[in-house]
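# Observations on the three-dimensional arrangement
Now for the letters of each chain:
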Amino acid sequence: MNTEQLLTQIRSNRELLEAGNIHAVEHFQMLSSNYTHLFNEEVILNIELSKSYVAFNVNSDYRQAIDVSLAVLDTYRQTEYTNLLSRHMRVIGNSYAYLGEYDLAERFFIEAMDSLAPRDELYRVTKSHLLFSLAKLYEYNNKGHEKAVDYLNQAMALLTHDNDSPRRAMCYMGLGNIYNSLNNLPEALDKYNHACQIFEARYDLSNMANVYCNIGNCYLKQDNFDLAVEFQTKALQLRIKSGSPHELALSYYNFGVLYTATRELAQAEDALAKAFHIVAELGDKPFLAQINEQMDHMYAIKRRQKEKP
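Rules used in this analysis
Residues numbered from 1 in each chain as written. Predicted model: local features only at pLDDT ≥ 70, side-chain atom pairs only at ≥ 80, totals over all residues. Heavy atoms only, no water. Helix = DSSP H or I, 4+ residues; strand = E, 2+ residues; numbered from the N terminus. Rg over C-alpha atoms; globule rule 2.2 N^0.38 Å. Buried < 20%, exposed > 50% of the residue type's maximum accessible area, 1.4 Å probe, protein only. Lys, Arg positive; Asp, Glu negative; His and termini not counted. Charge placed at Lys NZ, Arg CZ, Asp CG, Glu CD. Salt bridge = Lys/Arg side-chain N within 4 Å of Asp/Glu carboxyl O. Core = buried A, V, L, I, M, F, W, Y, C linked by side-chain atoms within 4.5 Å. Contact = heavy atoms within 4.5 Å. Patch = residues over 30% accessible without salt bridge, like charges linked within 9 Å, V, L, I, M, F, W, Y side chains within 5 Å. Areas by Shrake-Rupley, 256 points an atom, 1.4 Å probe, with all protein chains shown as cover. pLDDT = per-residue confidence, 0-100.

A separate point is the overall build of the protein. Helix and strand content of the protein: 15 helices and zero strands. Here the C-alpha radius of gyration of the protein, 20 Å, is about what a compact globule of 309 residues would show, namely 19 Å. With respect to the principal axes defined by its C-alpha atoms, the protein has extents near 75 × 35 × 35 Å. Across the 309 residues that make up the protein, the buried fraction comes to 50%. For the protein, the distance from the average site of its 30 positive side-chain charges to the average site of its 39 negative ones is 3 Å.

Listed below in structure tokens is the structure:
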């Protein structure tokens with residue numbers, strides 16, 4: 001193997017790591033330990049980026065992802081591979097977003113965008129990823145749904161190649177999330193179904209679980225409990241097999257919301273407790289607050305039931 005072949009393998013492996021594929025971790029460890037004689041600056045930047053992906057996408061260890069990529073920025077700030085630095089900044093920004101540190105997240109996303117080199121072969125894809133992350137941040141932080149939609153449409157405009165379909169699917173899912181939050185459920189389901197077709201065709205298990213989860217949430221809002229249970233169950237089954245801790249907690253939380261709505265409160269309490277224990281370990285403060293709020297709501301219903309004559 002030569003250096004170019006090693007880089008090709010690292011990039012292919014990272015696509016699996018980005019999808020949260022735990023089986024790709026062992027292959028990555030082999031690549032990062034068996035071919036050190038081929039390492040140059042570009043390889044090191046890619047290896048460290050994959051380490052961040054393992055921390056973020058596979059282990060949901062956001063502080064570790066930040067530490068790995070911040071160390072790269074400190075050491076390689078003057079590198080010629082500026083788009084790789086931008087990808088490290090995106091991991092840092094995404095990690096801060098999950099930790100509820102939104103201003104820091106936005107700062108790193110903007111810095112990453114400003115660092116992009118248009119002539120780099122990864123410019124188009126990297127910029128679309130950053131636009132997607134900014135849209136997600138605006139959605140999380142309630143900074144403006146119109147701006148989030150604009151960012152996603154800008155990303156879609158960059159993704160015109162045949163091999164861009166997985167990234168287009170992510171944008172469809174992002175748009176679905178925004179319309180879902182606005183309670184425009186027909187539009188949300190339309191976007192989710194576009195994403196679902198792409199993910200299922202590629203057998204992308206992690207994102208199949210994500211979109212099933214989101215479709216289930218739409219059906220819950222429509223009081224279609226049978227379809228809500230069907231899609232949340234499909235998502236949970238996939239996440240038990242291969243999901244990250246954060247994704248698994250999200251499925252338990254969604255079942256907590258669903259069981260609360262159907263007044264199956266013992267099941268709701270059990271699901272929310274499982275979500276709470278996972279998220280408390282991860283340090284995701286916004287999600288933890290969301291779980292606590294749902295638990296308070298569930299316990300209030302429980303108290304009212306006991307007070308009834």
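With the rule as written, the count across this model stands at eleven salt bridges. Among the ionic contacts, a cluster of salt bridges with common partners joins R124, D164 and R167.

Let us now look at unusual backbone geometry. At N183, a residue that is not glycine, the phi angle is positive and equals roughly 60°. Note that N183 resides in the loop between α9 (165-181) and α10 (185-202). Of the residues examined, N183 reaches a relative accessible area of 53% and is grouped as exposed. Even without glycine at this site, D223 takes up a positive phi of about 60°. Here D223 falls in the exposed class, since its relative accessible area comes to 56%.

In this structure, L17, V211 and Y212 are the most contacted members of the largest nonpolar core, which totals 101 residues. When residues no more than four places from it in sequence are discounted, the contact partners of V211 are M173, Y192, A195, C196 and F199.

What follows covers a positive patch on the surface. Judged by side-chain charge, R263, R303, R304 and K308 come together as a positively charged surface patch. Looking at the secondary structure, you find R263 in the loop between α13 (245-261) and α14 (265-282). On the accessibility criterion, R263 (45% relative accessible area) is partly exposed.

Across the protein, the average pLDDT comes to 92, with 99% of residues at or above 70. When the elements of the protein are averaged for pLDDT, helix α7 (residues 123-140) gives the smallest value, 88, and helix α4 (residues 62-76) the largest, 96.

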